[in-house]
Structure formats: structure tokens, C-alpha cells
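Spelled out from the first residue to the last, the chains are:
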Amino acid sequence: MSINGVFDCIVIGAGVQGSFTAYHLAKKNKKTLLLEQFVLPHTRGSSHGQTRIIRKAYEQDFYTRMMEECYELWAQLERDAGVELYRKTGLLVMGPEKSENYQLFKNTLQKNKVPVVILTRDNFSKHIPNVNLTEGDGALVDVSAGVLYADRALKTVQGLFQKLGGVIRDKEKVTEIKPGPFVTVSTSAHVYRAKSVVITAGPWANRLLVQTGLQLPLEVIKINVCYWKEKVPGSYALNRHFPCFLLTESEESKEHIYGLPSNEYPGMMKICYHMGSKTDPDKRDQQTDRSDIDILQRCINRCFPCLTPEPAVVETCMYTLTPDRHFVLDYHPTYSNIVIGAGFSGHGFKFGPIIGKLLCELILGEVPSYDLSPFQIRRFQANTKSSL
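As the structure is a computational prediction, the values presented were derived from the model and not from experiment. (Residues numbered from 1 in each chain as written. Predicted model: local features only at pLDDT ≥ 70, side-chain atom pairs only at ≥ 80, totals over all residues. Heavy atoms only, no water.)

### Side note on unusual backbone geometry
The line we're drawing: Here a helix means four or more residues in a row that DSSP labels H or I, a strand means two or more in a row labelled E, and each is numbered from the N terminus. For the exposure calls, accessible area comes from a 1.4 Å probe over protein chains only, and a residue counts as buried if that area is under 20% of its type's maximum, exposed if over 50%, partly exposed in between.
Cis geometry is adopted by the peptide bond preceding Pro41, which originates at Leu40 and carries an omega value of -10 degrees. Note that Pro41 resides in the loop between strand S2 (32-35) and strand S3 (51-54). Look at Arg325: it is not a glycine, yet its phi comes out positive at around 65 degrees. Relative to the helices and strands, Arg325 is located in the loop between strand S19 (307-321) and strand S20 (328-331). Classification of Arg325 by relative accessible area gives partly exposed; the value is 33%. Positive phi, close to 55 degrees, is recorded for Ser345, a residue that is not glycine. Its place among the elements puts Ser345 in the loop between strand S21 (338-342) and helix H8 (352-363).

Set out below in C-alpha cells:
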């Protein structure tokens, strides 16, 4: 096939990270192509769905510090588009008070001077109705946290990218990547060339990286996104100021359980288990394991008395996990004009604006705004397969 276009940069994968990367490149007046294998919008990857939690509550300082600017970037996007993308609700963090995980959340928030309300057993039910606080658990609220309107955010950033002259081509699966001074990217429909390429392909990242002689230790899992019906409508409603929540660990599991107030489906609260079963991204619907739902049912029965402990709606998402659950934001080890954003491990959506900015900085050879050592590929050196 003949060359159908020459660009400054091609971004492969139009999820939240790829879309924000393309947007930042277009803002820098770079001729940018954003490629997506499915027809947009779609529900096959990791960026779809109506809502996500946005929070500064993290165990690690570097995430909390990055989120400080990220809130500003989300607010700027709202102003630029004239669209509401964020609703402040607060985030209730609960967990065994003396556990390392809970203390890390608490210490990181306090150290970074994030507005926090510490709840006690005596005042908990006054502030948080219809929740049973487990004996020995601590509770605090990250006041600035809230709900991001995910589908709306993705549509908004893609629209702004196109207004800046960016090109989106969906229903074009990448079939070949040929590295070189100019990278050649072949798709199911066309062939393109660019000075540089950013790979933000989510669960399909390794399928593309293998063409560049690299494989990262990424694991793809299927998440059951569950909605639970309120026994009394409004018991956990957004418009009644019920917060998002995160349970650091519980009787049921050492993994996080998280939830958002009832809003997107009237009378239903979104509560999910922060883990799932390994899957092939092209065959995810064949993965029928419900062990996560069993864990959620037991937790809801114990902690959320005003919810029916049987999911009313179950949707699907995928996480692409790294071994340490931290992102990959780095140059390809051999080709400096290929940059990789991968392994967002089920907590990357809220970082979309800042990740897009960082990947843009890398591909333009600028000094990154943050220390990227926690996100470099070399931390996997012993486990990274390479045929270079």
C-alpha cells in the first residue's frame, strides 16, 4: 500500500491516555494522527463507562503530587469545552486502623496537606449514613475527591483534539510497526509514516510492542463492573452528598473494594472489586469467573445494609497490570522516537491529562514535569523479554 499520510507523531490507541497525549501534541502544533482499532466510541477496552473516581488519596507521594496538577488540568479542560466533567463528593477511605495500607493513605494525605476529615467511631454514622464501620477500622475523607464523567471526558478531549487540527482514524487496527528515523505504521486500511510514535494500546500493548522486539510483564484481567440496587431509593445518592469510597482491605479480601454513589443508573450504586481474572483482550467475554462478585456480595451484606446484595447490572472493563501496579511511561529501550504508555493497572483514568502531558514531553525530548523513575521500563529488566 502507498503512504497515506506523513505526521509529526502517531498515537496508537484512543483511550484516555492516547487521547490526552494526542491533544497535548496538537496544542504544541504537532501534526498528529490518533489511531483506534474499534469504531468510536466503544466498550472494548479500559476507558469506557460513565464514571471514575478522582482522588488524591494514595499510598505513594508521587501520585498525590501528580494529582495536584491533574485537578487543575481537568478544570482547564472543563473551561475550554464548557462541559462539566467532575463532581465533588469526597472519598471515604476505610480500613484496619493499624494496618500499613490504611496508615500509608492517611500519612500521605496529611504530609501533602490534602484537606482531610478524620472520622471516629462516635461520629461516623452522623457523617456517613447507612454504612457499618467494621470494628477496628479507621475512616477518613479525602475532601476534594469526587466523580469524573468518563465517557463525557473522553468525547470532550477527542473533540478538542480535532478542533486543533488533529486527525482521528477509528476502525483501523495496526498490523505492523517498522521502527526507523521515520516510523512506518501499517493498519488494516492504510500506511502512515511519522517522526515519532506513542503506543497507548491498553490491553493490546504487548501485541504491538512485540513488533518492535520488546515485551513487557503486563497481565490483562477482566473486571466485573457491578451496580447494586438501593433497598430505599436515595440511601447512597450523589444528590444527597453520599461520597465515593475505598476500602483498603477487609474481612473478604486484601484487595481494594471501591464504590461510587448512585447516579448513573438511578437507585443503583457502583461497587467493584479491584482485581479480576486473567483474560485475552480479544476473548474477554469468554471469561465468566464470578469469584469477585462473591467477595463483593459478602462485603455488601456486612457493610451496606441498604443495598440488595445481588448485582442488578454487571458490565465489563479490563485492567492491564504491571507487577508493581505502577504505570509505564518511558522511551522504547532501543528506539528513542517510540514512547510507551502502558500498564495503568486500573487506576490510571484520573491521571489522563497529566499522563498525556508527560508522554508529549517525552516524545518531544523535553524534560518531564515529574520524576519518571517509578515508571521506567528498566525496573522490569530481569523480567522484560527482548529480542533486540
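Next comes the rest of the description.
### Quick notes on the pairing of strand S12 (residues 191-199)
Stated formally: Note on pairing: DSSP must find at least two bridges between two strands before they are called paired.
In terms of burial, S12 is a largely internal element, seven of the nine residues being buried. Of the pairings in the sheet, the one linking strand S11 (residues 183-187) to S12 comprises four bridges and is antiparallel in character. If you follow Val183 over to S12, its bridge partner there is Ala194.

### Remarks on the pairing of S11
Among the five residues that make up S11, five are buried, leaving the element largely enclosed by the rest of the structure. What you see with S11 is no split at all: Val183, Val185 and Thr187 on one side and Thr184 and Ser186 on the other are buried throughout. With four bridges connecting them, strand S10 (residues 174-178) and S11 associate as antiparallel partners. By the bridge assignment for S11, Glu176 is matched with Ser186.

### Quick word on the sheet that holds strand S8 (residues 146-149)
Consider a sheet: its strands pair through backbone hydrogen bonds, and that pairing is either parallel or antiparallel. The condition is simple: To obtain each axis, a line is fitted to C-alpha atoms, and for helices this fit is confined to the stretch in contact; angles are then taken between N-to-C directions over 0 to 180 degrees. What makes two residues a contact is simply this: any of their non-hydrogen atoms within 4.5 Å.
Reading across from one edge, S3-S8-S4 is the order of the three strands in this open sheet, with antiparallel pairing throughout. Looking at strand neighbours, the two that pair on one side only are S3 and strand S4 (86-88), the edges of this open sheet. Strand-to-strand twist of the sheet, defined as the mean angle between neighbouring strand axes without regard to direction, takes the value 25 degrees. Relative to S8, S4 runs antiparallel, the two being bridged by three bridges. In the sheet register, Lys88 faces S8, and the bridge partner there is Gly146. The strands touched by helix H2 (residues 61-81) are S3, S4 and S8; relative to S3, the strand with the most contacts, the crossing angle is about 135 degrees. Set on the sheet, helix H5 (residues 150-163) makes contact with S3 and S8; between it and S8 the angle comes to about 50 degrees.

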